[in-house]
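Next come the chains, spelled out residue by residue.
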Amino acid sequence: PPGAAHFAWNGMFRLEEKLKMVHPDLLSGVAADETFARMADEQGLSVDRPELTSLLQADQRTYLAGDILCKMDRMSMAHGLEVRPAFMDPGLVGYARGLPKDMILKGRKGKLTLRRHLARVAPWYDLSRRKQGFSIPVHAWFRTHLRTFFSDLIYSGSTRECGLYDQ
């Protein structure tokens, strides 16, 4: 369903994949509910027809606060950088939340509104720069230079002894 799918795009494993990893002894008597549907429910989203504003607010509470901003904070501190995410300015967030839904959904028009607002409040900001992601290539690392480390960790005696995973 759309509400669950909204959280699934950011996940690593589907339910059937998670069930294969967990030790079978731990699965007895456990309700194998779908994590993403549960996340939607916890965020107060309609699983079948979530509202756009509800999805945006759920992202602010979960993905943004618990993932993106956390990564940025850790990486900037690790390199001695002081970082101020421009789009997290409370005034700008409040302004964006007040925009009509149809403007947000039209994409280009919403970006034009943002660019005009930024030109007024942050004339120093380079509006010609292309969008840049901040993802970590974990999947590629586990297939390449971290493969041996990851394999050793999964198949180690301590991992086997903890009894959580089905090696």
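See the structure above.
Residues numbered from 1 in each chain as written. Predicted model: local features only at pLDDT ≥ 70, side-chain atom pairs only at ≥ 80, totals over all residues. Heavy atoms only, no water.

**Q** Summarise the layout of surface pockets; cite the residues concerned and give the values.
**A** In this structure, the second largest pocket spans a volume of roughly 550 Å³. Lining the second largest pocket are 16 residues; nearest its centre among them are Phe13, Met21, Phe142, Phe150 and Ile154. Secondary-structure elements contributing two or more residues to the lining of the second largest pocket are α9 (138-143) and α10 (147-154). The element contributing the most residues to the lining of the second largest pocket is α10, with five residues. Within the lining of the second largest pocket, the residues separate by chemical class into nine nonpolar, four polar and three charged. (1 Å grid on protein atoms, 1.4 Å probe; cavity = no way out; pocket = protein on both sides within 12 Å on 5 of 7 lines; lining within 4 Å. Points joined across faces, edges and corners; volume = space filled by probe spheres on them. Helix = DSSP H or I, 4+ residues; strand = E, 2+ residues; numbered from the N terminus. Nonpolar A, V, L, I, M, F, W, Y, C, P; charged D, E, K, R; others polar.)

**Q** Describe the packing of aromatic side chains, with residues and values.
**A** Across all of its chains, the model carries two aromatic pairs by this definition. Relative to tyrosine 125, the ring of tryptophan 124 has its centre 5.9 Å away and its plane inclined at 75 degrees; by these criteria the two rings are edge-to-face. Since its relative accessible area comes to 29%, tyrosine 125 is described here as partly exposed. (Phe/Tyr/Trp six-rings, centres within 6.5 Å; stacked < 30°, edge-to-face > 60°. Buried < 20%, exposed > 50% of the residue type's maximum accessible area, 1.4 Å probe, protein only.)

**Q** Go over the pattern of salt bridges, please, and point to the residues and values.
**A** By the definition in use, this model includes two salt bridges. Residue glutamate 82 is joined to arginine 84 by a salt bridge in which the shortest nitrogen-to-oxygen separation is 2.8 Å. We classify glutamate 82 as exposed; its relative accessible area is 63%. (Salt bridge = Lys/Arg side-chain N within 4 Å of Asp/Glu carboxyl O.)

**Q** An account of a nonpolar patch on the surface is needed here, citing residue identities and associated values.
**A** A surface patch of nonpolar side chains, about 440 Å² in accessible area, is lined by Phe13, Met21, Leu26, Leu164 and Tyr165. Tracing the chain through its elements places tyrosine 165 in the segment after α11 (157-162). On the basis of relative accessible area, tyrosine 165 is assigned to the partly exposed category, the value being 45%. (Patch = residues over 30% accessible without salt bridge, like charges linked within 9 Å, V, L, I, M, F, W, Y side chains within 5 Å. Areas by Shrake-Rupley, 256 points an atom, 1.4 Å probe, with all protein chains shown as cover.)

**Q** I'd like a description of a positive patch on the surface, backed by residues and values.
**A** Together, Lys111, Arg115, Arg130 and Lys131 give the surface a local cluster of positive charge. Along the polypeptide, lysine 111 turns up in helix α8 (residues 108-121). (Lys, Arg positive; Asp, Glu negative; His and termini not counted. Charge placed at Lys NZ, Arg CZ, Asp CG, Glu CD.)

**Q** Talk me through the nonpolar core; I want residue IDs and the actual numbers.
**A** Core analysis: the biggest nonpolar cluster contains seven residues, these being Ala4, Phe7, Phe36, Ala40, Leu45, Leu55 and Ala58. Sorting the residues of this core by element identifies α1 (2-8), α4 (35-42) and α5 (52-78) as the ones contributing at least two each. Aside from chain neighbours lying at most four places away, what touches leucine 55 is His6, Leu45 and Pro50. (Core = buried A, V, L, I, M, F, W, Y, C linked by side-chain atoms within 4.5 Å. Contact = heavy atoms within 4.5 Å.)

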